[in-house]
Every structure is written in structure tokens, then in C-alpha cells.
Amino acid sequence: MAQVAVSKRGITLRIELFTVNDIPMIREGDDLAAIICNNTSLEDGDIVVIASTIVAKAEGRIFSLENIVPGRRAIDIGHRCGRDPAFVQAVLDRSVECLVEAPFILVQLESGQICVNAGIDDSNVEEGLFLDLPEDPDASARRIAADIKKMTGMRVSLVITDTNGRAFRIGQTGIAIGIANIEPVRDWIGESDLFGNRLQITQEAVADEVASAANLLMGEGSGGTPVVIMRGLNIHNTTGSIQQIYRIEEEDIIKKGLKCLQKDS
């Protein structure tokens, strides 16, 4: 269990995070809401944070490369990246746009997320198999949150997480890829700072901050703690979509730069 206390103008705010233990190996068709509710006690306003891996497993998003026939582009990219062309084809098939082809493959998914290898993972699955991300992470989050409410009567927010690298920094951190009952971005524009100055550009990525905090307890290896509860933040909201956290095309300078580099290569 982790606790974070923040002092705000003389008021101490406290956030509590703890893992949901005894989560079994998840298989296709498993009821994640029931598993969570059977292994922890939830309170109204809790934020349930779930690793995308177990959501994807429950939704049967496991596949192999056996029947994938790579095209000419996949063969070329595979040669430049040192990757199996069939794997590259799987990445391309799941992408709406490829932004970087080498030395790694960076693509945009239908959901709007930009990630390496389309988020396909070969960890925590049997040898020779691969795991996709949930097809519609927002829909998955809404469904699990609704099921939890039916079972417990508790109104919870829900965040589905993945780990991503960051531009300009080494290392990965947890990010939100699907949400329910939480606004992903808090807009501070127009509010005043300590000196009365009006804030002009500040927007806080709340959903990503929740995901990153939970990732400290989830870990990246064989810890087996893919569900974390955050309590005390009290930001439940019946609206919100992960789409709100992605920059619109016209304002995404980094994406524009990557496209230019792709044309020149």
C-alpha cells in the first residue's frame, strides 16, 4: 500500500494506492469485474486501474504469426529493423498510419494511440504467441466499470493502462489508453496562480498521472499485480473519453516532424 499526502494551502490531501492481490492467470472469457470485486472491497469514488494485458487476455486478443503472409513493405521494414516480416505485417495490419519504420516501428492505432509495434506484446503469454491491445479500450473500461457498479453499487472510475516510452527521455511509464467515468485532462486555463496571474496554457493529464502512479505498484515483470485501486482522489465523472488526451492533427508538431522525416528517408 502506498500513500501520498499533498499539502494545499494548509489542507492535507491524501491519496492511497493498493494492489488487488490473488488475481489469477486471466484467460479468454474471464469476468474481470467479478474477479476484482471478489478480491477487494471497493468504495464509492475509487479509481480502478487495470493493466491492458489482462483486459486483452479476457477479450481473447492473443494471436500467432502462423498464418500471416508478409507483403513487400513488411519484408522491407523487417529487413531494416531486424524483425520477422510476419510480425511487421501484424503491426501494419493494426495501424492506420506508420510514422517511423526504422530502427523501430512507430504507428498510430485506430484508437488514436501512437506506440511502438502497435502495442503488440510477447511477454506474459505462452511462447510463440502475441498479445494485442484491447480493440476499443474506452468501451472495455466502460463495460468493466458498469459491471462493478451492478455487483457492488459503487460508482468507480476506471483506467486501463499500458507502458510507453517518452520523447526526449529514457525509460517507460504508465499511460492511460482507455477510461471510464473520469475526465482525462484537467484544464487550468483561466484559473489564477498564487500571485493572481491568469493561467494561459496549463492542462493536466490526469488519467496519465493516475496510470503512472499505479504502474509503480504493478511493476513490469512477474509481480502479478495487474490491478491497483486509487482511493481519495474523488474525481468521478460520468463523462470523458481517452480521445480528449490526444492532440488534434493540426497541433501535433512532433507527428508532423516524423512525417517529414519519413518522406525524406
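Reading the values: rules and limits
Residues numbered from 1 in each chain as written. Predicted model: local features only at pLDDT ≥ 70, side-chain atom pairs only at ≥ 80, totals over all residues. Heavy atoms only, no water. Helix = DSSP H or I, 4+ residues; strand = E, 2+ residues; numbered from the N terminus. Buried < 20%, exposed > 50% of the residue type's maximum accessible area, 1.4 Å probe, protein only. Contact = heavy atoms within 4.5 Å. Phe/Tyr/Trp six-rings, centres within 6.5 Å; stacked < 30°, edge-to-face > 60°. Lys NZ or Arg CZ within 6 Å of the ring centre and 35° of its normal. Pairing = 2+ DSSP bridges. Axes fitted to C-alpha atoms, helices over the stretch in contact; angles between N-to-C directions. Parallel < 35°, antiparallel > 145°, perpendicular 65-115°, else oblique. Left-handed = near helix turned anticlockwise from the far one by under 90°. Nonpolar A, V, L, I, M, F, W, Y, C, P; charged D, E, K, R; others polar. Core = buried A, V, L, I, M, F, W, Y, C linked by side-chain atoms within 4.5 Å. Domains from an automatic or database assignment. UniProt positions renumbered as here; feature names shortened; annotations may be inferred.

### Brief notes about the overall build of the chain
On a plain count of helices and strands, the chain comes out with seven helices and 13 strands. By residue count, 41% of the 265 residues in the chain fall in the buried class. Here the analysis covers contacts within the chain between residues at least 6 apart in sequence; of these, 59% occur between residues at least 24 apart.

### Concerning the packing of aromatic side chains
The final tally for this structure, using the stated rule, is two aromatic pairs. An angle of 45 degrees between the planes, with centres 5.6 Å apart, marks the rings of phenylalanine 87 and phenylalanine 130 as tilted. Remark: phenylalanine 130 occurs in strand β8 (residues 130-131) and phenylalanine 87 occurs in helix α4 (residues 85-93); sequence separation between them is 43 residues. Here phenylalanine 87 and phenylalanine 130 have matching classes, each one buried. The rings of Phe63, Phe87 and Phe130 are connected pair by pair, giving a single aromatic cluster. One residue, arginine 83, lies across the ring of phenylalanine 87, its end atom 4.2 Å from the ring centre. A cation over an aromatic ring shows up here: arginine 94 above the ring of phenylalanine 63, its NZ or CZ 4.2 Å from the ring centre.

### Quick word on the sheet that holds strand β6 (residues 106-109)
Sheet architecture is open: three strands sit in the order β5-β6-β7, paired in antiparallel fashion. The two strands at the open ends of the sheet, each matched to only one other strand, are β5 (95-100) and β7 (114-116). For this sheet the average axis-to-axis angle between neighbouring strands, irrespective of direction, equals 35 degrees. By the bridge criterion, four bridges tie β5 to β6 in an arrangement that is antiparallel. Residue pairing across strands places glutamate 97 opposite glutamine 108, the latter belonging to β6.

### Examining the pairing of strand β9 (residues 157-166)
With seven of 10 residues buried, β9 lies mostly within the body of the structure. Sheet topology note: the strand β3 (residues 47-51)/β9 ladder contains five bridges and is parallel. When the sheet's bridge partners are listed, valine 49 is paired in β9 with valine 159. Two elements, β9 and strand β10 (residues 169-180), share nine bridges in a ladder whose sense is antiparallel. Directly across from valine 159, in β10, lies its bridge partner isoleucine 179. Following β9, the chain reverses through two residues before pairing antiparallel with β10; phenylalanine 168 in that reversal takes a positive phi of roughly 75 degrees.

### A look at the packing of helix α3 (residues 72-81) against α4
Contact pair α3 / α4: the axes reach a minimum separation of 8 Å and the direction vectors enclose 120 degrees. Here α4 runs oblique to α3, going by the angle between their axes. The chirality of how α3 crosses α4 is right-handed. Where α3 approaches α4, its residues Arg73, Ala74, Ile75, Ile77 and Gly78 are matched on the opposing element by Pro85, Val88, Gln89 and Leu92. Across the contact of α3 with α4, the residue classes tally to six nonpolar, two polar and one charged.

### Points about the pairing of strand β13 (residues 227-231)
Of all the five residues making up β13, five are buried; the element is thus mostly covered by neighbouring parts of the structure. What you see with β13 is no split at all: Val227, Ile229 and Arg231 on one side and Val228 and Met230 on the other are buried throughout. In this sheet, β13 lies alongside strand β2 (residues 11-19) in antiparallel orientation, the contact comprising four bridges. Counted as the bridge partner of glutamate 16 is arginine 231 from β13. Of the strand pairs in this sheet, β3 and β13 are connected by four bridges, and their pairing is antiparallel. Its bridge partner lying in β13, isoleucine 50 is registered against valine 227.

### Some points on the nonpolar core
If you look at the biggest cluster of nonpolar residues, it comprises 48 residues, and the most contacted ones within it are Val48, Ile50, Ile148, Leu158 and Val227. The residue makeup of this core includes at least three contributed by each of domain 1 (7-60 + 136-250) and domain 2 (62-132). The contact partners of leucine 158, leaving out residues within four places of it in the chain, are Val48, Ile50, Ala141, Ile144, Ala145, Ile148, Gly178, Ile179, Ala180 and Ile182. Core analysis: the second largest hydrophobic core is formed by 18 residues, Val159, Ile182, Val206 and Ala211 among them.

### What to know about the UniProt feature "binding site: a divalent metal cation 2" (unreviewed entry) in the chain
As recorded in UniProt, the sites labelled "binding site: a divalent metal cation 2" (unreviewed entry) are Thr163 and Glu220. Its place among the elements puts threonine 163 in strand β9. The exposure class of threonine 163 is partly exposed, given its relative accessible area of 26%.

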